[in-house]
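# Fold and geometry: a report
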Amino acid sequence: MIQKPADTSAKHDSTHSALGHVVPLWLLSAVFGALLVLTGATVAVAHIDLGNMNLYLALAIAGAKATLVILFFMHLFWDRPFNAMIFIGCLLFVSLFIGIALTDSRVNDASAVGGQGSAMRGVHVPLGGPK
Amino acid sequence: MTQLTIPQSPHEHPEHLAHHFESLQQQYDSGKLGIWLFLTTEILMFSGLFCGYAVLRSLHPEIFLYAHRYLSVELGALNTVVLIFSSFTMAWGVRAAQLGQTKLLVRLLTITLVCAFVFLGVKFVEYKNKWEENLLPGKFYHPEEPPPGGEFLKLRGTDSQSVKNDKPADVKPQVTAGAVGERSTIAPAAIGPTGLSEPWLEGKHHGRQSWSGPEPDNVQLFFGIYFAMTGLHGVHVIGGMIVIAWLIGKARKGVFGPDHFAPVDFVGLYWHLVDLVWIFLFPLLYLIS
């Protein structure tokens, strides 16, 4: 039988509940503010032409935002490490999936095959087929 | 974290503890493990679409450079802010549930739900515009206007140039093929079924001579990707709204408190994932340069 502390209903300890970690409101607000700033940043850098770097910068900012959401909004910072392992394992599989697919999609490149594969630059075989 | 004790008699167990769990802590941890496993399946499902996006964009960046200008960065950014704010109110709602602040919880969940409605409303406006401008996947893609504000001449110019130079009909089979870097003597499959592909290679397939805007091939693929990704995400938003509405009903009855906030927590985790997906969709679809 669980004995509730006498002051449960009136005032609770702001960092501990019986079961999970209670995130302080200032931290939630700070994360929210940071997410807004990063959203502004990603829109701003999109207007600057950095060539290929634009894509990587946008992904880096999105990754930073995702990290903030996962660690603090989703409590993973205080959560059991096993949940974090599951999540990181999932990301590993996603990177394998996309990484290997990307290397494979370059196999038909002109320099790789020297033929006239559909992915060859400049030939432009339609992918959608005729109407 | 303290382990809570096993109830001595079945009638003395905590109100929200199911009989097959030893303690509230075990019950909570099991639920959380379950929801994280569910989230990984969600991520893997979305990663299929992200993978398709990555392959297409790496092979045909010109499609994305050209077509993303059809999307409204303002509306996309607005939706990003709306969704981030709803994530914030959801996270705050979990805190309110943990602290037993019922009124605050109901208010925060309601704000979250309203944000979801706003998100879908903005999305509806965007979809409606695309529908009216015939910016749709596959054969339904036939816009009458080029995207606003671009300098596409450079892009299309180099493309059509190379189409002219490299078109398969001009390629003479080489007997000496086989050395490194030489072209294959195998005839390209593209001219195999005669009459199908040739007109496409000549660029005659556009059928949109009403405007001379240089447009890369296969722009419809961008809208296929766009609708598939935002559509699947939108379905998740709708699913989230249903469970949040259910939470509001429960919260109004005051069932959530320090011992029983897991449903709010778990729905919150799901809602944050929906936010996470959008955090990547926004720059990848709207902010291409």
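Residues numbered from 1 in each chain as written. Chains lettered and ligands numbered in written order. Predicted model: local features only at pLDDT ≥ 70, side-chain atom pairs only at ≥ 80, totals over all residues.

The subject of this paragraph is the overall build of chain B. Helix and strand counts for chain B stand at eight helices and zero strands. When the 289 residues of chain B are sorted by exposure, 38% land in the buried category. If you take every contact in chain B between residues at least 6 apart in sequence, the share linking residues at least 24 apart comes to 73%. (Helix = DSSP H or I, 4+ residues; strand = E, 2+ residues; numbered from the N terminus. Buried ≥ 20, exposed ≤ 12 C-beta atoms within 10 Å, placed from the backbone. Contact = placed C-beta atoms within 7 Å.)

On a plain count of helices and strands, chain A comes out with four helices and zero strands. In chain A, the order of α-helices and β-strands from amino to carboxyl end is α-α-α-α. The burial tally for chain A puts 23% of its 131 residues in the buried class. Considering only contacts in chain A between residues 6 or more positions apart, those separated by 24 or more positions represent 31%.

Turning our eyes to something else, we now look at helix 8 (residues 262-286) of chain B. Note on helix geometry: an α-helix contains 3.6 residues per turn, so any two residues three or four positions apart are oriented the same way. If you check helix 8 of chain B, its first and last C-alpha atoms are 36 Å apart, about what 25 residues at 1.5 Å a residue would give, namely 36 Å. Among the 25 residues of helix 8 of chain B, 23 are classified as buried, and the element is accordingly described as predominantly covered. (Expected span 1.5 Å × (residues − 1).)

Now for the packing of helix 3 (residues 73-98) of chain B against helix 8 of chain B. Residue and element names in this part refer to chain B. Where helix 3 meets helix 8, the axes come as close as 9 Å, and the angle between the chain directions of the two elements is 160 degrees. Considered as vectors, helix 3 and helix 8 are oriented roughly antiparallel to each other. Where helix 3 crosses over helix 8, the two elements pack in a sense that is left-handed. In contact with Val-73, Gly-76, Thr-80, Leu-83, Ile-84, Ser-87, Met-90, Ala-91, Gly-93, Val-94 and Ala-97 of helix 3, helix 8 contributes Val-264, Asp-265, Gly-268, Trp-271, His-272, Asp-275, Trp-278, Phe-282 and Tyr-286. Broken down by class, the residue content of the contact of helix 3 with helix 8 amounts to 12 nonpolar, six polar and two charged. (Axes fitted to C-alpha atoms, helices over the stretch in contact; angles between N-to-C directions. Parallel < 35°, antiparallel > 145°, perpendicular 65-115°, else oblique. Left-handed = near helix turned anticlockwise from the far one by under 90°. Nonpolar A, V, L, I, M, F, W, Y, C, P; charged D, E, K, R; others polar.)

Most of the time, phi is negative for any residue but glycine, and the peptide bond is trans. A positive phi angle, near 65 degrees, is found at A:His75, a position not held by glycine. Relative to the helices and strands, A:His75 resides in the loop between helix 2 (53-73) and helix 3 (81-105).

Further remarks concern the environment of B:Leu17. Residues and elements named next belong to chain B. Locating Leu-17 in the fold gives a position in the segment before helix 1 (24-59). Judged by local crowding, Leu-17 falls into the buried class, with 21 C-beta atoms found within 10 Å. A C-alpha to C-alpha distance of 36 Å links Leu-17 and Val-82, two positions 65 residues apart in sequence. If we skip the residues at most four places from it in the chain, Leu-17 touches Leu-24 and Gln-27.

Judged by nonpolar contacts, the single largest core of 85 residues is most densely connected at B:Ala91, B:Leu105, B:Leu109, B:Phe222 and B:Val277. Elements that contribute at least two residues to this core include exactly helix 1 (25-46) and helix 2 of chain A together with helix 1, helix 2 (61-67), helix 3, helix 4 (102-132), helix 7 (220-252) and helix 8 of chain B. Counting residues per element, this core draws most heavily on helix 8 of chain B, which supplies 18 residues. Other than its neighbours up to four places away in sequence, B:Leu105 contacts B:Gly93, B:Ala96, B:Ala97, B:Ala251 and B:Phe256. (Core = buried A, V, L, I, M, F, W, Y, C linked by C-beta atoms within 7 Å.)

So, on to the confidence of the model for chain A. Residues and elements named next belong to chain A. When the pLDDT values of chain A are averaged, the result is 77; 66% of them are 70 or greater. Confidence, expressed as mean pLDDT per element, reaches its minimum in chain A at helix 4 (residues 110-113) with 46 and its maximum at helix 1 with 95. Per-residue pLDDT stays below 50 along residues 1-14; that stretch engages in 12 contacts with residues further than four places along the chain or on separate chains. (pLDDT = per-residue confidence, 0-100.)

Glancing now at the confidence of the model for chain B. Residues and elements named next belong to chain B. Taken as a whole, chain B shows an average pLDDT of 79; of its residues, 73% reach a score of 70 or greater. Contacts from residues 152-182, a stretch scored under 50 in pLDDT, to residues over four places away or in other chains number 41 contacts. Note that pLDDT drops below 50 for residues 190-213; the model gives that stretch 29 contacts with residues more than four away or on any other chain. Across the interface, the model reports ipTM at 0.75; the global pTM reads 0.76.

Residues and elements named next belong to chain A. Here Lys-65 is to be found in helix 2. Residue Lys-65 is classed as buried on the basis of its C-beta count, with 27 C-beta atoms lying within 10 Å. When the C-alpha positions of Lys-65 and Thr-39 are compared, they lie 8.3 Å apart, and in sequence the two are 26 residues distant.

Residues and elements named next belong to chain B. Their axes nearest at 9 Å, the elements helix 4 and helix 7 cross at an angle of 155 degrees. Of the possible angle classes, the one that applies to helix 4 and helix 7 is roughly antiparallel. Between helix 4 and helix 7 lies a crossing of left-handed hand. Residues Thr-102, Leu-105, Val-106, Leu-109, Thr-110, Thr-112, Leu-113, Ala-116, Phe-119, Leu-120 and Lys-123 of helix 4 form the contact with helix 7, whose participating residues are Thr-230, Gly-234, Val-237, Gly-240, Met-241, Ile-244, Ala-245, Leu-247, Ile-248, Ala-251 and Arg-252. Considered class by class, the residues forming the contact of helix 4 with helix 7 number 14 nonpolar, six polar and two charged.

All right, on to the environment of B:Leu44 then. Checked against the element boundaries, B:Leu44 lands in helix 1. On the neighbour-count criterion, B:Leu44 (13 C-beta atoms within 10 Å) is partly exposed. Those residues within four positions of B:Leu44 in sequence are excluded, and the remaining contacts are A:Cys90, A:Phe93 and A:Val94.

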